[in-house]
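# Structural overview for review
Residues per chain are reported as follows:
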Amino acid sequence: IGDAVQKNERLFFLKSREVAVAVTEHLEDHKDLDLAEKKYAMAKDLFEHRAVSHIALQQAESDLAKAKARVARTEEALRVLGLRVEENDLSSELSSLIPIVAPLGGTVVERRVTDGQFVQPDSNPLLVIADLSSVWVLADIFERDLHRVHVGQRAEVLTEAYPEHRFLARVSRISDVVDPATRTVKVRFLVANPGALLKPEMFASVTLMLDESARGL
């Protein structure tokens, strides 16, 4: 937790029984494809020398087409499971390992997996990565003040952790739902976070810049 990671960086590997079975099927289908190609080449040569019938050549062509289709199917199954055939040595013992890469650059904020742990195929995340270069601040705006808020409006964010520091922000979204208990609306502000000073779950207050001015000389 706290480590910075880059996009597409390998985070860890999963050893999968399904991948091991798919790899075995792919290797077997590749052997069948090699054999089918040799049989087709032999049948074609014999047909050209009128040593076999046209039906025998057609049968060899059909077997070759079926072998290619099986290889393509197993290659696609491996890609779905996270393995690219052209980038992995499927004959090695590491072929059943699925590399898990970072979908974005950021900071590891949660880790729920350890080395050698058995994991279930559910929706619970094993690692949580957040891009903290900019963060969201959620504020409650009273219903009576909603007409004074609009998307793109400038604001300043203050925190208890850095009382002397003012973070510049802009309104990025206004909720469509009013809380019936508090009569407030959630407003989301997008805040630049240089130095990662702002942390998730911090308390903050927002000062909106209203587009109001008084005429004067």
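Our structure is the block above this text.
Below is a summary of the structure that appears in this document. (Residues numbered from 1 in each chain as written. Predicted model: local features only at pLDDT ≥ 70, side-chain atom pairs only at ≥ 80, totals over all residues. Heavy atoms only, no water.)

The 5 strands lie next to each other as 6-9-8-7-10, forming an open sheet whose pairing is antiparallel. Each having just a single partner strand, strand 6 (134-142) and strand 10 (204-208) make up the two edges of the open sheet. On average, each strand axis in the sheet is inclined to that of its neighbour by 40 degrees, with strand direction left out of account. Pairing of strand 7 (residues 154-159) with strand 10 involves 5 bridges; the strand directions are antiparallel. (Pairing = 2+ DSSP bridges. Helix = DSSP H or I, 4+ residues; strand = E, 2+ residues; numbered from the N terminus. Axes fitted to C-alpha atoms, helices over the stretch in contact; angles between N-to-C directions.)

Relative to the helices and strands, T184 is located in strand 9 (residues 184-192). Residue T184 is classed as buried on the basis of its relative accessible area, which comes to 9%. In this structure the side chain of T184 is engaged in a polar contact, spanning 2.6 Å, whose partner is the side chain of T182. (Buried < 20%, exposed > 50% of the residue type's maximum accessible area, 1.4 Å probe, protein only. Polar contact = N/O pair within 3.5 Å; in protein donor to acceptor, adjacent residues only side chain to side chain.)

Before going further, it helps to examine the environment of M202. Topologically, M202 is positioned in the loop between strand 9 and strand 10. Classification of M202 by relative accessible area gives partly exposed; the value is 30%. Linking M202 and A161, residues 41 residues apart in sequence, is a C-alpha distance of 8.4 Å. Apart from residues lying up to four places away in sequence, M202 is in contact with A161, Y162 and L197. (Contact = heavy atoms within 4.5 Å.)

Residues E25, E28, D32, D34 and E37 make up a contiguous surface patch of negative charge. Along the polypeptide, E37 turns up in helix 1 (residues 17-48). Exposure remark for E37: the relative accessible area of 35% places this residue in the partly exposed category. (Patch = residues over 30% accessible without salt bridge, like charges linked within 9 Å, V, L, I, M, F, W, Y side chains within 5 Å. Areas by Shrake-Rupley, 256 points an atom, 1.4 Å probe, with all protein chains shown as cover. Salt bridge = Lys/Arg side-chain N within 4 Å of Asp/Glu carboxyl O. Lys, Arg positive; Asp, Glu negative; His and termini not counted. Charge placed at Lys NZ, Arg CZ, Asp CG, Glu CD.)

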